Amino acid sequence: MRRSACPIGTGPPTARCPQSGQVGSALWQNSGIGGTGRPISNGPFQANVFRVRIESNAFAALRTTDRGLTRELGADPDAPTLPTPASEVDTLGQSPYDTAPWSRASLGFRNRLEGWLPFGMHNQVHVWIGGDMGPATSPNDPVFYLNHCNVDRIWEAWLVKGSNLCAEPIRIGAASHAPAKRSHVFNPHKPTNHTSPNA
Ligand SMILES: [Cu+2]
């Protein structure tokens, strides 16, 4: 794919690559994976060739549908930009993997990559893209897989650099570290009402 002057992850907004440069990236053009809209109107996933068949309602219950794919790039004030190379450097420098209380309030690599504070890299991408990338059915948007493959890439880089995987092994079996129960909310990537960063 052709690289734009301001590809995703170029860094904080500058005169050369303002915030809008992220929306203007080649990725979101007709020759990429299409852009923004309800539904999106360009690219290989526009409504006349790509249909969303299953969606979440406001309580994350699944229901059938037949509509075009939606995105609202950069429209959510909670995530006005995508993560940047500086975000990645910061994330790779996090150690240990996780800390008490093993929640969205925890410091460490896991939360910085996946979750909150205020948005970990993974959640920040979901919220910045918006539309169908928000609810539990976010795999409806093929860009979901770019985001998750990037999470895997950073996870591998963190392991290769020899980061501290188990800082507090005695605590691993504690009840407080049990997998978070998924709450049924419309947007699993917002910190207001959800505990699992893994959607
Ligand atoms: Cu995700």
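Look up a bit, the structure's there.
Our subject in this report is the structure included herewith. Predicted, not measured: the structure shown is a model, and the values here were computed from it. (Residues numbered from 1 in each chain as written. Predicted model: local features only at pLDDT ≥ 70, side-chain atom pairs only at ≥ 80, totals over all residues. Heavy atoms only, no water.)

So, the overall build of the protein
And then number 1: Each helix and strand counted, the protein has 5 helices and 2 strands in total.
And then number 2: Starting at the N terminus and walking to the C terminus, you meet the elements of the protein as α-β-β-α-α-α-α.
And then number 3: Across the 199 residues in the protein, those meeting the buried criterion constitute 46%.
And then number 4: Long-range pairs, those at least 24 residues apart, make up 57% of the contacts in the protein with a sequence separation of at least 6.
And then number 5: Carbon together with sulfur atoms contributes 59% to the accessible area of the protein, which is approximately 10,200 Å² in total. (Helix = DSSP H or I, 4+ residues; strand = E, 2+ residues; numbered from the N terminus. Buried < 20%, exposed > 50% of the residue type's maximum accessible area, 1.4 Å probe, protein only. Contact = heavy atoms within 4.5 Å. Areas by Shrake-Rupley, 256 points an atom, 1.4 Å probe, with all protein chains shown as cover.)

Notes on the pairing of strand β1 (residues 52-56)
And then number 1: Sheet topology places β1 next to strand β2 (residues 62-67); 4 bridges connect them, and they run antiparallel. Bridging from a neighbouring strand, Ile54 pairs with Thr64 of β2.
And then number 2: The hairpin formed by β1 and β2 contains 5 residues between the paired strands, and Ala60 there has a positive phi angle of roughly 65°. (Pairing = 2+ DSSP bridges.)

Quick notes on the packing of aromatic side chains
And then number 1: Taken as a whole, this structure holds 9 aromatic pairs when the rule is applied.
And then number 2: On the basis of an interplanar angle of 15° and a centroid distance of 4.2 Å, the ring pair of Phe109 and Trp158 is categorised as stacked. You can see Phe109 sitting in helix α3 (residues 109-114) and its partner Trp158 sitting in helix α5 (residues 143-160), a full 49 residues away along the chain.
And then number 3: Residue Phe109 is classed as buried on the basis of its relative accessible area of 1%.
And then number 4: Since its relative accessible area comes to 0%, Trp158 is described here as buried.
And then number 5: Three or more aromatic residues joined by ring pairs form one cluster here, namely Tyr97, Phe109, Trp155 and Trp158.
And then number 6: Note that Arg104 overlies the ring of Trp116, its terminal NZ or CZ placed 6.0 Å from the centroid. (Phe/Tyr/Trp six-rings, centres within 6.5 Å; stacked < 30°, edge-to-face > 60°. Lys NZ or Arg CZ within 6 Å of the ring centre and 35° of its normal.)

Notes on the environment of Val49
And then number 1: Residue placement: Val49 occurs in the loop between α1 (20-23) and β1.
And then number 2: For Val49, a relative accessible area of 56% puts it in the exposed group.
And then number 3: Along the chain, Val49 and Gly68 lie 19 residues apart, while their C-alpha atoms are 8.7 Å from each other.

Comments concerning the side chain of Asn123
And then number 1: Turning to its location among the elements, Asn123 is positioned in helix α4 (residues 121-129).
And then number 2: Only 2.7 Å separates the side chain of Asn123 from the side chain of His122, close enough to count as a polar contact. (Polar contact = N/O pair within 3.5 Å; in protein donor to acceptor, adjacent residues only side chain to side chain.)

Things to note about the packing of α4 against α5
And then number 1: Running from N to C, α4 and α5 point in directions that differ by 165°, and their axes come no closer than 10 Å. The angle between the axes of α4 and α5 places the two elements in the roughly antiparallel class. By crossing handedness, the relation of α4 to α5 is classed as right-handed. On the side of α4, the interface is formed by Met121, His122, Val125, His126 and Ile129, while α5 contributes Val143, Phe144, Asn147, His148, Val151 and Ile154.
And then number 2: Partitioned by chemical class, the residues of the contact of α4 with α5 number 7 nonpolar, 4 polar and no charged. (Axes fitted to C-alpha atoms, helices over the stretch in contact; angles between N-to-C directions. Parallel < 35°, antiparallel > 145°, perpendicular 65-115°, else oblique. Left-handed = near helix turned anticlockwise from the far one by under 90°. Nonpolar A, V, L, I, M, F, W, Y, C, P; charged D, E, K, R; others polar.)

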